[in-house]
Amino acid sequence: MTREPAEPLRLDYLIRAGTIHSMTGKTYRSVGLRGAEIAAASAEPDGLDDLTGHSTAVVDASDLTLLPAFADSHEHLIEASRNTLLVPVDTARSVAEFTGLVADAARDATPGKWILTSIAWHESNLAENRVPTLAELDAAAPDHPVLARRGGHFAVVNSAALRAAGVSADTPDPPGGKIGRLADGSRDGTLEGGAVYQVAAFAPGPSRAELAAALGTTSAAYGALGVGTIREAMTTLDDLAAYTDAWEQGLLQVRVRLMMRVPSEPELSTDQALALIRGLGARSGFGDDWLRIWGLKLVMDGGVEGAALKDPYANDPGNSGHLNWEPAAMTQVCAEAVRRGWRIGTHAVGDRALRTLLDVYEAVVEQTGPVPPWTLVIEHGMVSDAAQRDRAVRDGFGVTVQYPVLWNMGSEMLRTWGPERTRRVTPLDQWLAAGADLAAGTDIVQPFNPMTNVWGMVTRGTKSAGIQGPGHAISIGTALELYTMGTAALNHEQDRLGSITPGNLADLVAYPLDPLTAAPDGLAELTPAFTIVGGRATHDPDKRLAR
Ligand SMILES: [Zn+2]
């Protein structure tokens with residue numbers, strides 16, 4: 001903090017609270033904000049009174065507990081924003097409702113126009129607990145290509161979409177992907193991994209202006225849940241343009257740290273991937289406090305359906321998932337990126353993917369020499385063994401962890417991975433015991449209450465699969481730390497964000513109870529009284545911060 005000694009500091013806000021957890025071990029009773037920063041903090045409610053002036057708003061929040069705003073280490077804000085512009089099949093509770101929404105959209109669209117759905121749906125929310133069939137989608141929209149992506153690695157489509165993408169009955173599976181087929185060999189409308197991208201390449205998305213506006217409204221919904229920063233886990237060059245528009249127009253209500261997508265074969269050859277990185281020009285760290293480039297994003301395997309596992313799938317003994325990258329090619333791409341000042345986060349869900357990723361990252365460091373912490377990052381590492389965890393720690397590769405994926409897809413994991421592997425998904429206790437650098441996030445592709453995530457990390461409770469692996473639970477304090485300080489370290493911003501410390505950016509969230517002393521079940525649906533990002537209220541329904 002720098003200021004002219006001659007000019008006394010006058011706070012914009014003085015907030016007196018019941019408790020202020022700094023997350024550095026210190027507890028305060030009052031905090032002063034000036035401009036975008038925290039100017040001062042005191043253990044006494046009246047300890048900052050000398051810093052007030054006629055323009056200071058004094059906020060009595062003695063009934064509230066303040067924490068640093070949450071920083072989500074891995075979320076897809078751009079997809080969540082895009083979803084608001086798409087057919088909202090995530091609201092359907094039956095296959096008939098799902099196909100009804102598709103039929104409505106098709107009726108309103110010019111013939112031949114693609115019907116694109118939200119990717120936030122899941123069949124476990126449908127009464128039939130299955131995905132819509134090709135025939136059902138054909139009946140709903142005979143004249144429009146329909147692409148219903150679910151998450152990042154799976155989709156269902158109709159016949160018109162397959163036709164539009166040139167996928168015929170005898171089109172082979174693309175590398176790293178699968179075109180679903182019925183017993184008689186005809187296509188069933190499901191696409192996995194590379195097959196999703198093969199078809200999606202033909203489907204035009206929303207315009208850049210629509211997307212920028214949606215980033216504004218959707219980021220506000222995250223802010224209303226206490227989120228101050230999102231690390232955006234997959235950005236294309238088009239997405240970057242929309243983000244830049246939203247930033248320039250002041251629409252973003254959360255800070256965003258971008259990961260630029262580097263596709264693998266067959267989408268990009270190794271030479272093309274290298275050319276993409278060389279052509280990006282910027283590098284990790286470029287940007288300002290609101291919008292900054294974190295690094296690159298690579299994807300090693302699939303999600304719950306396509307994760308590369310050491311042992312076969314519980315429901316498919318012939319399948320153990322797929323790897324998208326050939327290790328030597330990936331090593332070459334990553335080493336070039338590190339030399340150019342890039343950080344890299346790689347999606348690796350299964351234990352076979354994680355082992356291969358560790359091989360690649362170790363080979364990269366052998367070429368480039370040692371790298372700072374949080375340069376080569378493991379995204380997810382959901383299924384791991386002790387040897388892999390020890391390797392990641394020894395090599396200094398941090399891990400972003402997303403408990404809400406187990407919360408959301410627990411029943412899917414039980415079916416595909418089996419109960420033993422599901423119980424040990426994302427074992428935060430074991431990662432921490434091994435000494436790992438962890439940063440908590442969601443990967444849920446819609447505004448998700450961070451306190452529900454905290455509740456999950458401390459109880460191992462899920463949406464519809466009961467409690468999974470309760471021994472892997474961690475304490476509330478640790479969960480909050482991974483979700484604030486942990487992500488700040490991941491973003492190389494621990495001197496600016498992640499704690500309530502004078503000189504840091506003023507990103508705060510207030511709750512009507514103290515989460516650190518609350519019973520865990522009181523957290524599951526706890527929502528904030530207000531959220532402040534950069535000294536500005538992004539959520540203040542009761543006008544507690546009104547000036
Ligand atoms: Zn993700």
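Residues numbered from 1 in each chain as written. Predicted model: local features only at pLDDT ≥ 70, side-chain atom pairs only at ≥ 80, totals over all residues. Heavy atoms only, no water.

### A short note on the overall build of the protein chain
Basically, it comes down to this: Strands are runs of DSSP state E lasting at least 2 residues, helices are runs of H or I lasting at least 4, and numbering of each runs from the N terminus. Relative accessible area decides the class of each residue, using a 1.4 Å probe on protein chains only: under 20% of the type maximum gives buried, over 50% gives exposed, and in between gives partly exposed. Contacts are assigned to residue pairs that have any heavy atoms within 4.5 Å of one another. Accessible surface area values rest on a Shrake-Rupley calculation with a 1.4 Å probe, where residue burial reflects the displayed protein chains alone. We treat Lys and Arg as the positive residues and Asp and Glu as the negative residues; His and chain ends play no part in the count. Charge placement uses NZ in Lys and CZ in Arg. For Asp and Glu, CG and CD serve respectively.
The number of helices and strands found in the protein chain is 16 helices and 20 strands. Overall, the C-alpha framework of the protein chain stretches about 80 × 55 × 45 Å when taken along its three principal axes. Going through the 547 residues of the protein chain one by one, you find that 58% of them count as buried. Sequence separation of at least 24 residues holds for 73% of the intrachain contacts in the protein chain that already meet a minimum separation of 6. Of the roughly 20,500 Å² that the protein chain leaves accessible, carbon and sulfur atoms contribute 52%. Considering the protein chain, the positive charge centre built from 46 side chains and the negative charge centre built from 66 side chains are found 2 Å apart.

### Notes on the pattern of salt bridges
What counts is decided by this rule: By convention in these notes, a salt bridge is any Lys or Arg side-chain nitrogen within 4 Å of a carboxyl oxygen on Asp or Glu.
Evaluated as defined, the whole model comprises 26 salt bridges. For Arg 150, the salt bridge identified is with Glu 123, shortest N-O distance 3.0 Å. Placement of the pair is Arg 150 in strand 7 (residues 146-150) and Glu 123 in the loop between strand 6 (115-116) and helix 3 (134-140), with a sequence separation of 27 residues. Looking at Arg 150, the relative accessible area reads 5%, which means it is buried. A relative accessible area of 5% places Glu 123 in the buried class. For Asp 245, the salt bridge is made with Arg 208, and the minimal N-O distance between the two is 2.7 Å. Of this pair, Asp 245 sits in helix 7 (residues 237-248) while Arg 208 sits in helix 6 (residues 208-223), placing them 37 residues apart in sequence. Each of Glu 37, Arg 257, Asp 289, Arg 292, Glu 493 and Arg 496 takes part in one network of salt bridges that share partners.

### So, the pairing of strand 19 (residues 530-533)
Cut-off, in case you're wondering: Any two strands between which DSSP finds at least two bridges are classified as paired.
In strand 19, alternate side chains face the same way, and those of Phe 530 and Ile 532 on one face and Thr 531 and Val 533 on the other are all buried. Alignment of strand 18 (residues 508-511) against strand 19, held across three bridges, turns out to be antiparallel. Directly across from Leu 508, in strand 19, lies its bridge partner Ile 532. With three bridges connecting them, strand 19 and strand 20 (residues 536-539) associate as antiparallel partners. For Thr 531, the partnering residue across the bridge sits in strand 20 and is His 539. Counting the residues in the hairpin turn of strand 19 and strand 20 gives two residues, including Gly 534, whose phi is positive at 60 degrees.

### Re the sheet that holds strand 3 (residues 37-42)
Here is the rule: Only the contacting stretch of a helix is used when fitting its axis, a line to C-alpha atoms as for every element, and angles between N-to-C directions run 0 to 180 degrees.
Reading across the sheet, the seven strands line up as 3-2-1-4-18-19-20 and stay open at both edges, with mixed pairing between neighbours. Either end of the sheet is taken by a strand with one partner, and the two such strands are strand 3 and strand 20. Each neighbouring strand pair of the sheet contributes to a mean axis angle of 40 degrees, computed without reference to strand direction.

### A look at the pairing of strand 15 (residues 376-380)
Counting buried positions along strand 15 gives five out of five residues, so the element sits mostly inside the fold. Note that strand 14 (residues 344-348) and strand 15 share five bridges and pair parallel. Within the sheet, the bridge partner assigned to Gly 345 lies in strand 15 and is Val 377. Alignment of strand 15 against strand 16 (residues 399-401), held across two bridges, turns out to be parallel.

### Considerations on the environment of Ala 436
Among the structural elements, Ala 436 can be located in the loop between helix 14 (428-434) and strand 17 (438-440). Residue Ala 436 is classed as buried on the basis of its relative accessible area, which comes to 10%. Separated by 40 residues in sequence, Ala 436 and Gly 396 place their C-alpha atoms 8.0 Å apart. When residues no more than four places from it in sequence are discounted, the contact partners of Ala 436 are Val 393 and Trp 431.

### Remarks on the packing of helix 8 (residues 270-280) against helix 9 (residues 327-339)
Using the following cut-off: For classification purposes, angles smaller than 35 degrees are called roughly parallel, those larger than 145 roughly antiparallel, those between 65 and 115 roughly perpendicular, and all remaining angles oblique. Should the near helix be turned anticlockwise from the far one by less than a right angle, the crossing is left-handed, and should it be turned clockwise, the crossing is right-handed. Each residue receives one of three labels: charged for Asp, Glu, Lys and Arg, nonpolar for Ala, Val, Leu, Ile, Met, Phe, Trp, Tyr, Cys and Pro, and polar for the others, Gly being one of them.
The interhelical angle for the contact between helix 8 and helix 9, taken along N-to-C directions, is 10 degrees, at an axis separation of 10 Å. By the angle class used here, helix 8 and helix 9 are roughly parallel. By crossing handedness, the relation of helix 8 to helix 9 is classed as right-handed. Taking contact as the criterion, the partners of Thr 270, Ala 273, Leu 274, Ile 277 and Arg 278 in helix 8 are, on helix 9, Ala 329, Gln 332, Val 333, Glu 336 and Ala 337. Here the contact of helix 8 with helix 9 is built from residues that sort into six nonpolar, two polar and two charged.

### Observations concerning the packing of helix 10 (residues 351-368) against helix 11 (residues 386-395)
Where helix 10 meets helix 11, the closest approach of the two axes is 10 Å, and the angle between their N-to-C directions is 25 degrees. Taken as axis vectors, helix 10 and helix 11 run roughly parallel relative to one another. Crossing angle aside, the handedness with which helix 10 passes helix 11 is left-handed. When helix 10 is examined against helix 11, the residues Asp 351, Leu 354, Arg 355, Leu 358, Asp 359 and Glu 362 are found in contact with a partner set consisting of Gln 388, Arg 391, Ala 392, Arg 394 and Asp 395. When its residues are assigned to classes, the contact of helix 10 with helix 11 shows three nonpolar, one polar and seven charged.

### Thoughts on the sheet that holds strand 6
Read from one edge of the open sheet, five strands run 6-7-8-10-9, paired in mixed fashion. Edge positions in the sheet fall to strand 6 and strand 9 (177-181), since each of these pairs with one other strand and no more. Direction of pairing for strand 9 relative to strand 10 (residues 187-193): antiparallel, over a ladder of four bridges. Bridge pairing in strand 10 links Gly 177 to Gly 193.

### Remarks on helix 6
Put simply, the rule reads: Expected span, for any helix, means 1.5 Å times one less than how many residues it has.
For helix 6, with 16 residues, the first-to-last C-alpha span of 22 Å sits near the 22 Å given by 1.5 Å per residue. When helix 6 is considered as a whole, its buried residues turn out to be Leu 211, Ala 212, Ala 214, Leu 215, Gly 216, Thr 218, Ser 219, Tyr 222 and Gly 223. Where helix 6 is buried, its residues meet strand 5 (70-75), helix 1 (77-83), strand 11 (227-235), helix 7, strand 19 and strand 20.

### A few points about the side chain of Ser 118
Formally: Under this definition, polar contacts are N or O atom pairs within 3.5 Å; protein pairs additionally need one hydrogen-donor-capable and one acceptor-capable atom, and for neighbouring residues in sequence, both atoms have to be side-chain atoms.
By the secondary structure assignment, Ser 118 is in the loop between strand 6 and helix 3. A polar contact is formed between the side chain of Ser 118 and the backbone nitrogen of Ala 120, at a distance of 2.9 Å. Setting aside residues no more than four positions away along its own chain, Ser 118 makes contact with Asn 83, Leu 86, Val 87, Pro 88, Val 89, Asp 90 and Arg 149.

### Here we look at the side chain of Thr 400
Relative to the assigned elements, Thr 400 resides in strand 16. Not counting residues within four places of it along the chain, the set of residues in contact with Thr 400 comprises Ser 73, His 74, Arg 231, Val 377, Ile 378, Glu 379, His 380, Ala 439 and Leu 490.

### Thoughts on helix 16 (residues 476-490)
Under the convention used in this document: We define the bend at any residue as the angle between the axes fitted to the seven residues before and including it, ending there, and the seven starting there.
Counted at 1.5 Å a residue, the expected span for helix 16 with its 15 residues is 21 Å, and the 20 Å between its end C-alpha atoms agrees. Leu 482 marks the point of greatest bend in helix 16, at about 35 degrees. Burial analysis of helix 16 places 11 of its 15 residues in the buried class, which makes it a mostly covered element. Along helix 16, the positions that sit buried rather than exposed are Ile 476, Ala 479, Leu 480, Leu 482, Tyr 483, Thr 484, Gly 486, Thr 487, Ala 488, Ala 489 and Leu 490.

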